[in-house]
Amino acid sequence: MQFEFTPEQQELVALARRIAREQVAPRAAAIDEVGEYPEEIFRAFRDAGLLGVGVPEAYGGAGMGTLGLGLAVEQVAQYCCASGLMLLLTKLPLMPIMLGGTEEQKRHYAGGTADGSLRGAFCLSEPDAGSDAANIQTRAVRKGDQYIISGTKNWISGAGQADFFTVATKTDPAAGARGMSVFVVERGTPGLTVGKKERKMGVKGVPIHQVVFDEVAVPASAMLGQEHQGFKVIMGTLNSVRPVVAARGLGLAEGAMMYALDYARQRKTFGKPIIEHQGLQWMLADLAVRLEGARLLTYRAAIEVDQGHTGKADAWKLSAAKLSATDLAVQAATDCLQIMGAAGYMQDYPMERHYRDAKQLQIVEGTSQIQKNVIGRALLEGDLHW
Ligand code: COS
C-alpha cells in the first residue's frame, strides 16, 4: 500500500488547481447567482484537457481513470460544486456506453466527450422512482428493428446541454430488475422533449430538467448491452461514479475548511483570533480527521473502480466513499458557516453557497440511506469482513 501520487497525477492536480483558482473561483458566485450553465467554464475545461481525464487513451482521452477524474473534480469543487458536477458529467452518461456499447459507439461518444464536441445526460430517475431504480415505468417496446420509448425522466442534470441521453427503460415490466434495458438516444430524435429548467436550492450552474420520451423510435442498435440485462449496466454505472460524487464532497469540505480557517485566523474575539479558542479548534480538528478518512476511502474507491471492481461484492466500498464524503460535506459546510457566524450567513461570502450545494450531495446518485442499504447488505451477505 502506498500513499503517493505518480508524477503524472501530481501534474494533473496542479493543472486542475490552477484552472480552479484562476478560472472557476472568480466566477463561482456569479454562476450561482445567474443559475445558468457556464459555457466559459466548460471551454476552460476543454482547453485544459480536463474533459478527457477519465476517458481511455484509446478513445482520445488522457486515460487517467476514475482516480484522475476524481482528483480534478476535488480541486474544482473546492471553489464551485457545480463546476465539479460539470466534470463528473464526462463520466456518468458515458458509463453505460463504456459498459454496454459497441466499439463504434464507444469511439464516437467517448471521443466526443474527451474533445468537448459531445455532452451527455444520464436518465434514470422518474417522478415515482429514484432510489428504487428497478421500479421505473419508462417502457421500450420492440417494433421491427426499432424500439419505441415512452416515459418521463425527472431531475436530469445537464439535460439542457446534452447531445445524447443514456436512458434506463423496462423492456419486460413483469420481470422487475431483470426486465430492464438501457438505450442511447440522440438529442433531436422526434418525441424527445427537454422540459423547463427546474428551480432548485443549490448547484445552480448545472440546471436540471425533466426529459419526456413520447414514443421515441430508436434503432435496436441503440441498446447498450443485452436486452433485459440493463439493471447490471445501471448498477455498474452508479457504482463506478460513486467515487467521483465523493470527490465533489471532499472538494466542497476542503473549500469550506480553507475559507473558515482563513477567516478564523483574522477574526478576533475576547482579545485573540477566534482560531485560538479551543472550542473552534476542536470543531476544525474533528472535520480535519473526518476529511482525511473520507479522502482515503474516496481514493481507494476510485482505484477499485479503475481495477474493474464494480460488481455487487465491491459495491459497499464505493458506497462507503460516497456516504462518508458527502455527509462530511454537509457537516463541514454547517460547522464552517457556524465558525464564521453572521458573516457566514451573508451572501457576500461563499459559505452559504457551499451550505446549499452540499445538501445536494447527500441526495444525488443514491441517497445516504441507499448507500447504508448497500453497506448493510454487504455486512449481511459477508462481503465485508476483517
Ligand atoms: N451493485 C451491482 N449489482 C447489484 C447491486 C449493486 N450494489 N445491488 C444489486 N445488484 C444486482 C443483484 O446481484 C441482482 O442481479 P441478478 O439479477 O444477477 O441476481 C440485481 O442487481 C437485482 O438485485 P436486487 O433485487 O437486490 O436489487 P434491488 O432492486 O433491491 O436494488 C439497490 C438494489 C438499492 C442497491 C439499487 O436499487 C440502488 O442502488 N438504488 C439507488 C439508485 C440510485 O442511485 N438512484 C439515484 C438516481 S440519480 S443517478
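Residues numbered from 1 in each chain as written. Predicted model: local features only at pLDDT ≥ 70, side-chain atom pairs only at ≥ 80, totals over all residues. Heavy atoms only, no water.

> Help me understand the overall build of the chain in this model?
Helices and strands together make up the secondary structure of the chain, namely 12 helices and 10 strands. Radius of gyration (C-alpha) of the chain: 21 Å, near the 21 Å computed for a compact globule of 386 residues. Taking the principal axes of the C-alpha coordinates as reference, the chain spans close to 80 × 50 × 40 Å. For the chain, with 386 residues in total, the buried portion stands at 55%. A fraction of 73% describes how many contacts in the chain between residues 6 or more apart in sequence connect residues 24 or more apart. About 17,300 Å² of surface is accessible on the chain, with carbon and sulfur atoms providing 51% of the total. In the chain, 40 positive and 42 negative side-chain charges are present, and the distance between their average locations comes to 3 Å. (Helix = DSSP H or I, 4+ residues; strand = E, 2+ residues; numbered from the N terminus. Rg over C-alpha atoms; globule rule 2.2 N^0.38 Å. Buried < 20%, exposed > 50% of the residue type's maximum accessible area, 1.4 Å probe, protein only. Contact = heavy atoms within 4.5 Å. Areas by Shrake-Rupley, 256 points an atom, 1.4 Å probe, with all protein chains shown as cover. Lys, Arg positive; Asp, Glu negative; His and termini not counted. Charge placed at Lys NZ, Arg CZ, Asp CG, Glu CD.)

> Any chance you could explain the pairing of strand S1 (residues 120-123) here in plain terms?
A regular strand places its side chains on the two faces of the sheet in alternate fashion. Residues Gly 120 and Phe 122 point to one face of S1 and Ala 121 and Cys 123 to the other, with burial holding for every one of them. Where S1 meets strand S4 (residues 164-170), four bridges bridge the pair, whose relative direction is parallel. Each bridged residue has a counterpart across the sheet, and for Phe 122 the counterpart in S4 is Thr 166. (Pairing = 2+ DSSP bridges.)

> Where do I start with unusual backbone geometry in this structure?
Glycine aside, negative phi is the norm for most residues, and most peptide bonds take the trans geometry. Of note in the backbone geometry, Glu 215 takes a positive phi value of approximately 50° without being a glycine. Locating Glu 215 in the fold gives a position in strand S7 (residues 208-219). You can call Glu 215 exposed: its relative accessible area is 56%.

> I'm lost on a nonpolar patch on the surface in this one. Help?
A cluster of nonpolar side chains, namely Met 1, Phe 3 and Leu 296, defines an oily patch on the protein surface of about 460 Å² accessible area. Note that Phe 3 resides in the segment before helix H1 (7-24). By relative accessible area, which is 62% here, Phe 3 ends up exposed. (Patch = residues over 30% accessible without salt bridge, like charges linked within 9 Å, V, L, I, M, F, W, Y side chains within 5 Å. Salt bridge = Lys/Arg side-chain N within 4 Å of Asp/Glu carboxyl O.)

> I'm lost on the packing of aromatic side chains in this one. Help?
The geometry of an aromatic ring pair comes down to the distance between the two centres and the angle between the two planes. Under the criterion given, the structure shown has six aromatic pairs. Pairing Tyr 263 with Tyr 349 gives two aromatic rings, centres 6.5 Å apart and planes at 80°, and the pair type is edge-to-face. Within this pair, whereas Tyr 263 is found in helix H8 (residues 230-266), its partner Tyr 349 is found in the loop between helix H10 (315-345) and helix H11 (351-361), the two being separated by 86 residues in sequence. On the accessibility criterion, Tyr 263 (16% relative accessible area) is buried. (Phe/Tyr/Trp six-rings, centres within 6.5 Å; stacked < 30°, edge-to-face > 60°.)

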